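Examination of the molecular architecture
Okay, here's what each chain looks like letter by letter:
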Amino acid sequence: MSERHPIIAITGSSGAGTSTVTRTFSNIFRREGVKAAVIEGDSFHRYNRKEMQVRAAEAEQQGNKHFSHFSAENNLFGEIEDLFRTYGECGRGKSRKYLHTAEEAAAYKLDPGTFTPWEELDENTDMLYYEGLHGAVVTPEHNIAQYPDLRVGVVPVINLEWIQKLWRDKHQRGYSTEAVTDTILRRMPDYVNYIVPQFAHTHVNFQRVPMVDTSNPFIARDIPSADESVVVIRFANPKGIDFQYLLTMIHDAWMSRANTIVVPGGKMELAMQLIFTPFVWRMLERKKRAMDLT
Ligand SMILES: Nc1ncnc2c1ncn2[C@@H]1O[C@H](COP(=O)(O)OP(=O)(O)OP(=O)(O)O)[C@@H](O)[C@H]1O
Ligand SMILES: O=C(CO)[C@H](O)[C@H](O)COP(=O)(O)O
């Protein structure tokens, strides 16, 4: 936690919608004049695509069928921790990108499935914004969750998460249904061990729940739309959250528990803006106060 150099972490599985949530935060940042250093979690994979394929094949030969992009061994948890700590101390750090598609890679004249070189973050950013797989990880060796001032979980119910992943990986990344299904199966133990526990360390979780039948995600042709879903928003600590204001501003919202509000799917972005803009204000005020004192 750092008053001078705050950190926001948006964490969720592959296909959960963290990149989509990032667009909402970009709108908040633009409107509030915030300069954020944006970090993509996939840039902390340990291996590029070819290395990963070779290592997965080796692991499989040795009987390990669960070698995955979710685990501690295949990601640089120590480097995420170092980045968060260093940024919190002095607003500095290094980042890179994992280039998923040919289009992304062409912009850097690199191959898809590779990383851009590590580069220093821009100077004088107002906050660090991480979106990816591991923003609230706690393991016996690493505690990434201790650094972000705001930790947000993005967690569609699992059938929907799989539909989103299948759709995105097939239509935007060129994978077959069989390849994505294999990846989902291979990742399952690491999903349970590394992805899910994070949602107990988040301040707020956003869980999209479809209102249409998603019982076989592997044959779904489309992602259920915003209007075909609701979003369950759960606050770990509801103290200080103005639920009455949210209920007034978000048409058809209701409370399902004392710390949980449910909003129509189409109001997810509005709900995020109403909830997070005051958080961002408070971070900026604290930062200004801390800077003025030095
Ligand atoms: N609230 C939503 N409503 C409708 N579609 C959504 C929503 N959130 C995400 N999607 C869709 O789900 C797919 C995956 O979303 P997104 O790319 O944001 O996931 P991600 O968590 O960033 O995945 P990764 O970390 O693997 O890149 C995209 O096709 C996106 O358009
Ligand atoms: O989205 C992901 C994790 O968040 C991808 O699964 C991961 O980045 C590896 O991508 P690829 O298998 O296409 O190289």
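Look above for the structure.
Residues numbered from 1 in each chain as written. Chains lettered and ligands numbered in written order. Predicted model: local features only at pLDDT ≥ 70, side-chain atom pairs only at ≥ 80, totals over all residues. Heavy atoms only, no water.

A word on helix H2 (residues 49-61). Under the 1.5 Å per step criterion, the end-to-end length of H2 is 18 Å for 13 residues, consistent within 8% with the ideal 18 Å. Residues of H2 that are buried include every one of Met52, Ala56 and Ala59, and no others. Projected down its long axis, H2 shows its buried positions confined to an angular sector of 65 degrees, all on one face. Among the exposed residues of H2, those oriented more than 90 degrees off its buried face are Lys50, Gln53 and Gln61. The N-cap residue of H2 is Asn48: its side-chain oxygen and the backbone nitrogen of Lys50 are 3.1 Å apart. Looking at the residues trailing H2, positive phi occurs at Gly63, about 95 degrees. (Helix = DSSP H or I, 4+ residues; strand = E, 2+ residues; numbered from the N terminus. Expected span 1.5 Å × (residues − 1). Buried < 20%, exposed > 50% of the residue type's maximum accessible area, 1.4 Å probe, protein only. Arc of directions from axis to C-beta. Polar contact = N/O pair within 3.5 Å; in protein donor to acceptor, adjacent residues only side chain to side chain.)

A few words on the pattern of salt bridges. All chains considered together, the criterion is met by 11 salt bridges. Of the charged contacts in the structure, one is a salt bridge between Glu123 and Arg92, with a shortest N-O distance of 4.0 Å. Placement of Glu123 in the loop between strand S6 (119-120) and strand S7 (127-132) and of Arg92 in the loop between helix H3 (77-90) and strand S3 (94-95) is noted, with a sequence separation of 31 residues between them. Arg92 gets classed as partly exposed once you look at its relative accessible area, which sits at 34%. A salt bridge links Asp169 to Lys165; the nearest nitrogen and oxygen atoms lie 2.6 Å apart. Within this pair, Asp169 and its partner Lys165 are both found in helix H5 (residues 158-171), separated by four residues, close to a single helical turn. (Salt bridge = Lys/Arg side-chain N within 4 Å of Asp/Glu carboxyl O.)

Looking at ligand 2, the residues that line it are Ser14, Asp42, His45, Arg49, His69, Tyr98, His100, Leu133, Arg168, Arg173, Tyr175 and Arg187. Within the side chain of Arg49, a nitrogen or oxygen atom sits 2.7 Å from an oxygen atom of ligand 2. In the environment of ligand 2, an oxygen atom lies 3.5 Å from a nitrogen or oxygen atom belonging to the side chain of His100. In the complex, 90% of the free accessible area of ligand 2, which totals 380 Å², lies under the protein chains. (Near = heavy atom within 4 Å. Areas by Shrake-Rupley, 256 points an atom, 1.4 Å probe, with all protein chains shown as cover.)

One non-glycine residue, Lys109, lies in positive phi territory at about 55 degrees. Take Lys109: it is sitting in the loop between helix H4 (102-106) and strand S5 (114-115). For Asp252, which is not glycine, the phi torsion reads 70 degrees and is therefore positive. For Asp252, the position within the fold is in the loop between helix H7 (243-249) and strand S11 (254-257). For Asp252, a relative accessible area of 55% puts it in the exposed group.

In short, geometric facts, not functional conclusions.
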